[in-house]
Amino acid sequence: MLARISRMEDKSSLSRFWLPGAFGSLAATPTVPGWAYTTCGCVGPRDHLHVSEPGDFKERTIGTRQIVTVASLAAQGNTAPQSRAKTDGASPGSNLTFQTDHAVAAGQLHSPPPSEWRTDSMFRKLLPSIVLGLMMLSEPVGAADRVVDGVPLPSDAILATASPITAVHRQWSGVWVGAWGGTLKHILLVEAVAEDGAARVVYAVGENPYFGVQRTWLRLDGRASESTLKVLGTHFSATYELTESGGLKALYRRGDSVSHASMTRADFSSLTKPDAVVEWTRGKSEFLETDLIEDGRPVRLEAVIFKPNGAGPFRLAVINHGSTGTGRNPELFTQTWFSADLADFLNERGWIVAFPQRRGRGKSDGLYDEGFRENRKLGYNCDTDIALRGADRALSDVDAAIAALRRRQDVAPTPILIGGESRGGLLSVAYAGLHPAQVFGVINFVGGWLGEGCSTASVVNQTLFERGAPYGRPTIWLYGRGDSFYSIAHSRNNFAAFEKAGGQGTFFDLSAPVGPGHFVLRDPDLWSSPIDNYLNSLANAEQH
């Protein structure tokens, strides 16, 4: 897989690339200034091409002009990724390593990648789906700027005033906070709204030092009605729609790339106080006290919990994360995964949604050990027995998390909805088969345990999916075309094995408009209707 991309950086101004990706449909994915990037269209700061020093993943900018050649990951996970870089002004001997988002995107992908990724022809096929960064130019954040929990606002920012006050002004004068894709902090401040709806806003985003993201704000023009505000940037648009609760549903669009955010109105004076505490998303990170014991000590598992409106108790939905690509980057183990889009979708239907992080993932206690090679630096293992033991360990973590969640006062004592992405999708199917009476329904996004680059993938994946057959009720399987880890043919074979063992379900072959098919969860337009129909059918069956 080879692609050549380049960029000129003018040191006299601050240039930034933003990759609107699909980690919640395509999220605004920030990148390191000064580097050329590619992305598959994945959401959140985790889902873009990492530029790093070999070994310690410290990001750098070298020189004023970079011409970067991106090379593929090794097919079997036992050699380092190949990389080459040509830089003007780089120090002699500089050696840069690149990992594509396919390897690191929020723990969704599997090791090892399929051999197709080593070919130029495969990359050319995927190239139309690869989203190049949108460059947003702004002035550097100044010392006089207000900074709200890492997000800058211009020091002269004001709220819109008008006389007389129109309905449009009444709706939009104010400030809202949220996070694109649930990860990138965002403030929208409306400074002016004319009687005809012409608006002037401050559009601001925060920083992510780990990925080299620099905070910035822009003043942009927009157009407001009583229910919608659309803001236009140089190459993008952001549309904000008022909800019945007084918040906003936000949609970022750049070509076919989209990102979503749920935003709430904030008090401007409180927001700009020193050390203001801002709730950027509705999800709350909590620790679950579990019955797991490791090295003689109890294990706490982190869970990000999204609650619907109301007092509860609510029916529980548990959504499980995937792997970390090759398993060779320990930095990715500590990243907490959730999907704000899926949480919002289920919250609106009355479910309390929990995203538990298994042992050693996110902020959870314990060792992350789901089928590694003897030398953990080499990543995940293709050996059938080791892979299956890793899945068993993951299932015990899922079981422990669900048991802890069921003890919550806001969780109803009813069967749960379980789902997940990639490895999490497979775990959800298998869990339902092991605990059929406890499960209301199963949502499998691109599930599997080993990618097709492992010769054992079919045996391992089918063995685990067959465990779900005793569930005996309908499940939903959502897969995307162009998935580099699980081809549609491979996934259909897994589904056929599940059905042959007695499992019931519907398989959806989805065509994502942007990015590889492994990331269908990032595009709610693909899955909202199928899942809505699925949940309604389960509810109808439950009533009869």
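Rules used throughout
Residues numbered from 1 in each chain as written. Predicted model: local features only at pLDDT ≥ 70, side-chain atom pairs only at ≥ 80, totals over all residues. Heavy atoms only, no water. Buried < 20%, exposed > 50% of the residue type's maximum accessible area, 1.4 Å probe, protein only. Helix = DSSP H or I, 4+ residues; strand = E, 2+ residues; numbered from the N terminus. Arc of directions from axis to C-beta. Contact = heavy atoms within 4.5 Å. pLDDT = per-residue confidence, 0-100. Axes fitted to C-alpha atoms, helices over the stretch in contact; angles between N-to-C directions. Parallel < 35°, antiparallel > 145°, perpendicular 65-115°, else oblique. Left-handed = near helix turned anticlockwise from the far one by under 90°. Nonpolar A, V, L, I, M, F, W, Y, C, P; charged D, E, K, R; others polar. Pairing = 2+ DSSP bridges. Polar contact = N/O pair within 3.5 Å; in protein donor to acceptor, adjacent residues only side chain to side chain. Disulfide = S-S within 2.5 Å. Salt bridge = Lys/Arg side-chain N within 4 Å of Asp/Glu carboxyl O.

1. Observations regarding helix α8 (residues 457-466)
Considered for burial, the residues of α8 that qualify are Ala 457, Val 460, Asn 461, Leu 464 and Phe 465. Taken end-on, α8 shows its buried residues confined to a sector of 125°, consistent with a single buried face. Contact partners of the buried residues in α8: α6 (384-406), α7 (423-434), β24 (439-445), β25 (476-480) and α9 (488-500).

2. Topic: the confidence of the model for the protein
When pLDDT is averaged along the protein, the result is 76; 71% of the residues meet or exceed 70. Low confidence marks residues 1-140, where pLDDT is under 50. Its contacts with residues over four positions away, or in another chain, come to 422 contacts.

3. Side note on the packing of α6 against α7
Axis angle and axis distance: for two packed helices, these are the angle between their axes and the distance between the axes, and together they describe the pair. At a minimum axis distance of 10 Å, the contact between α6 and α7 shows a crossing angle of 70°. Taken together, the axis directions place α6 and α7 in an arrangement best described as roughly perpendicular. Regarding α6 and α7, the two cross each other, and that crossing is right-handed. Contacts from Ala 391, Ala 394, Leu 395, Val 398, Asp 399 and Ile 402 in α6 reach Leu 427, Ala 430, Tyr 431 and Leu 434 in α7. Classifying every residue of the contact of α6 with α7 gives nine nonpolar, no polar and one charged.

4. Considering the sheet that holds strand β20 (residues 297-306)
Strand order in the open sheet made by the eight strands is β19-β20-β22-β21-β23-β24-β25-β26, with mixed pairing throughout. With partners counted over all chains shown, the strands left at the sheet margins are β19 (284-294) and β26 (506-510), one partner each. Shown here is a sheet whose adjacent strand axes are inclined to one another by a mean of 25°, direction ignored. As paired elements, strand β23 (residues 416-421) and β24 share six bridges and run parallel to each other. Across the sheet, Ile 418 pairs through a bridge with Val 442, a residue of β24. Strand contacts of α6: β19, β20, β21 (315-320), β22 (351-356) and β23, with the helix running at about 120° to β19, the strand carrying the most contacts.

5. Thoughts on the sheet that holds strand β11 (residues 174-180)
To summarise the sheet geometry, strands pair through backbone hydrogen bonds and adopt either a parallel or an antiparallel arrangement. The eight strands are arranged β11-β12-β13-β14-β15-β16-β17-β18 in a closed barrel whose pairing can be described as antiparallel. Across the sheet, the mean angle separating the axes of adjacent strands is 30° when strand polarity is ignored.

6. Description of the environment of Tyr 380
Position of Tyr 380 among the secondary structure elements: in the loop between β22 and α6. Owing to a relative accessible area of 0%, Tyr 380 belongs among the buried residues under this scheme. With 55 residues separating them in the primary sequence, Tyr 380 and Gly 325 have C-alpha atoms 8.7 Å apart. Among the polar contacts listed, one links the side chain of Tyr 380 to the side chain of Tyr 368, at a separation of 2.6 Å.

7. Regarding the state of the cysteines
Using the criterion set out here, one finds one disulfide in the structure. Across a sulfur-sulfur distance of 2.0 Å, Cys 382 and Cys 454 are joined as a disulfide pair. Judged by the sign of its S-S torsion, about -60°, the bond between Cys 382 and Cys 454 is left-handed. Highlighted residues: Cys 382 in the loop between β22 and α6 and Cys 454 in the loop between β24 and α8, separated in sequence by 72 residues. Look at Cys 382 and you get buried, because its relative accessible area is 14%. Judged by its relative accessible area of 2%, Cys 454 is buried.

8. Some remarks on the pairing of β11
In terms of burial, β11 is largely enclosed, as seven of its seven residues are buried. The pairing of β11 with strand β12 (residues 184-193) spans seven bridges and is antiparallel. When the bridges of β12 are listed, Gly 174 appears paired with Val 190. Hairpin geometry of β11 and β12 is characterised by an intervening segment of three residues between the two adjacent antiparallel strands and by a positive phi of about 65° at Gly 181. As paired strands, β11 and strand β18 (residues 257-266) are joined by three bridges and run antiparallel to one another. Looking at the pairing, Val 177 lines up with Thr 264 of β18.

9. Topic: the pattern of salt bridges
Inspection of every chain in the model, using the stated rule, returns 24 salt bridges. Note that Arg 200 is salt-bridged to Asp 221, the shortest N-O span being 2.8 Å. Remark: Asp 221 occurs in strand β14 (residues 216-224) and Arg 200 occurs in strand β13 (residues 198-205); sequence separation between them is 21 residues. Assessed through its relative accessible area of 31%, Arg 200 is described here as partly exposed. For Asp 221, a relative accessible area of 47% puts it in the partly exposed group. Its salt-bridge partner being Asp 410, residue Lys 307 comes within 3.1 Å of it at the nearest N-O pair. Taken together, the residues span a long stretch of sequence, with Lys 307 in the loop between β20 and β21 and Asp 410 in the loop between α6 and β23 at a distance of 103 residues. A relative accessible area of 10% places Asp 410 in the buried class.

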